[in-house]
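The residues making up each chain are set out below.
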Amino acid sequence: MRIFVGNLAFATTEEELSQLFEPYGVVERVQIIQDRETGRSRGFGFVEMPDTTEAQAAITGLQGATLGGRTLTVNEAHQREERRPREGREGLRRPRW
């Protein structure tokens, strides 16, 4: 099961996040999402646990827990929705700047 973890402190490491979840069971993968341009944490990440029962226990036990002085938001991750590209007047995607 893939678990969303939000409101992470920018200094939180993947190792710290893994250690937080390990008491609940096997942690398969941890990923803290980073900004493409700056490389800085975006303040959220994902933890993957193979056992659904352990993952549910981690969600229940860690929702509202504190890490790095921040109260965490922990819940089951949902599949990301497809996003359509924005279209300009000529049907082409316009640059952001």
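Remember, it's a predicted structure, so these values are computed and weren't measured experimentally.

> Can you walk me through helix H1 (residues 14-21) in this structure?
Of the positions making up H1, those classed as buried are Leu17, Ser18 and Phe21. The buried side chains of H1 occupy one side of the element, clustering within an arc of 100° when seen end-on. Elements in contact with the buried residues of H1: strand E1 (2-6), strand E2 (29-34), strand E3 (41-48), helix H2 (52-62), strand E4 (66-67) and strand E6 (73-76).

> Can you walk me through the sheet that holds E6 in this structure?
Note: strands within a sheet are paired through backbone hydrogen bonds, in either parallel or antiparallel orientation. Judged by pairing direction, the sheet is antiparallel, and its four strands sit side by side in the order E2-E3-E1-E6 without closing on themselves. If you trace the sheet from one side to the other, it starts and ends with E2 and E6, each paired once. Within this sheet the neighbouring strands show an average axis-to-axis angle of 20°, counted without direction. In this fold H1 packs onto E1, E2, E3 and E6, with an angle of close to 135° to the strand it touches most, E2. In this fold H2 packs onto E1 and E6, with an angle of close to 155° to the strand it touches most, E6.

> Any chance you could explain the nonpolar core here in plain terms?
Buried together is how nonpolar side chains tend to be arranged in soluble globular proteins. Ile3, Val5, Leu17, Phe21, Val47 and Val74 are the most contacted members of the largest nonpolar core, which has 18 residues in total. When residues of this core are traced back to their parent elements, those giving at least two are E1, H1, E2 and H2. Per-element tally for this core: the top contributor is H2, with four residues. Apart from residues no more than four positions distant in its own chain, Val5 is found in contact with Leu17, Phe21, Gly43, Phe44, Gly45, Val47, Leu72, Thr73 and Val74.

> Help me understand the packing of aromatic side chains, please; the structure alone is not making it clear to me.
For any two aromatic rings, the description comes down to two numbers: the centre-to-centre distance and the angle of the planes. Counted by the stated rule, this structure contains three aromatic pairs. Their ring planes at 35° and their centres at 5.9 Å tell us that Phe4 and Phe44 sit as a pair that is tilted. One end of the pair, Phe4, is in strand E1; the other, Phe44, is in strand E3, and 40 residues separate them in sequence. On the accessibility criterion, Phe44 (21% relative accessible area) is partly exposed. On the basis of an interplanar angle of 90° and a centroid distance of 6.1 Å, the ring pair of Phe44 and Phe46 is categorised as edge-to-face. Taken together, the ring pairs in this structure connect Phe4, Phe44 and Phe46 into an aromatic cluster. The positively charged end of Arg2 is found above the aromatic ring belonging to Phe46, 4.0 Å away from the centroid. The ring centre of Phe10 lies 4.0 Å from the NZ or CZ of Arg40, which sits over that ring.

Quick notes on the rules
Residue positions are given per chain, counted from 1 along the sequence in the order it is written. Reporting of local features is limited, given that this is a predicted model, to residues whose pLDDT is at least 70; pairs of side-chain atoms are given and counted only at 80 or more, and all residues count toward the totals for whole chains, interfaces and linings. Heavy atoms throughout the structure, all of them, feed into the side-chain values; hydrogens and water do not. Note on classification: 1.4 Å probe, protein chains only; a residue is buried when its accessible area is under 20% of the maximum for its type, exposed when over 50%, partly exposed between these limits. Under the scheme used here, helices are H or I runs from DSSP no shorter than 4 residues and strands are E runs no shorter than 2 residues, and both carry numbers assigned from the N terminus. For this quantity, the arc is that covered by the directions from the helix axis to the C-beta atoms. Residue contacts are counted whenever heavy atoms from the two residues lie within 4.5 Å of one another. Whether two strands pair depends on DSSP finding at least two bridges between them. Throughout, an axis means a line fitted to C-alpha atoms (over the contacting stretch in the case of helices), and angles, computed between N-to-C directions, take values from 0 to 180 degrees. The criterion is simple. A nonpolar core is a set of buried Ala, Val, Leu, Ile, Met, Phe, Trp, Tyr and Cys residues joined through side-chain atoms within 4.5 Å. For Phe, Tyr and Trp, rings pair up if their centres lie within 6.5 Å, where Trp contributes its six-membered ring, and each pair is then called stacked (planes under 30 degrees apart), edge-to-face (over 60) or tilted (otherwise). A ring is scored as having a charge over it whenever the NZ atom of a lysine or the CZ atom of an arginine sits within 6 Å of its centre and within 35 degrees of its normal.

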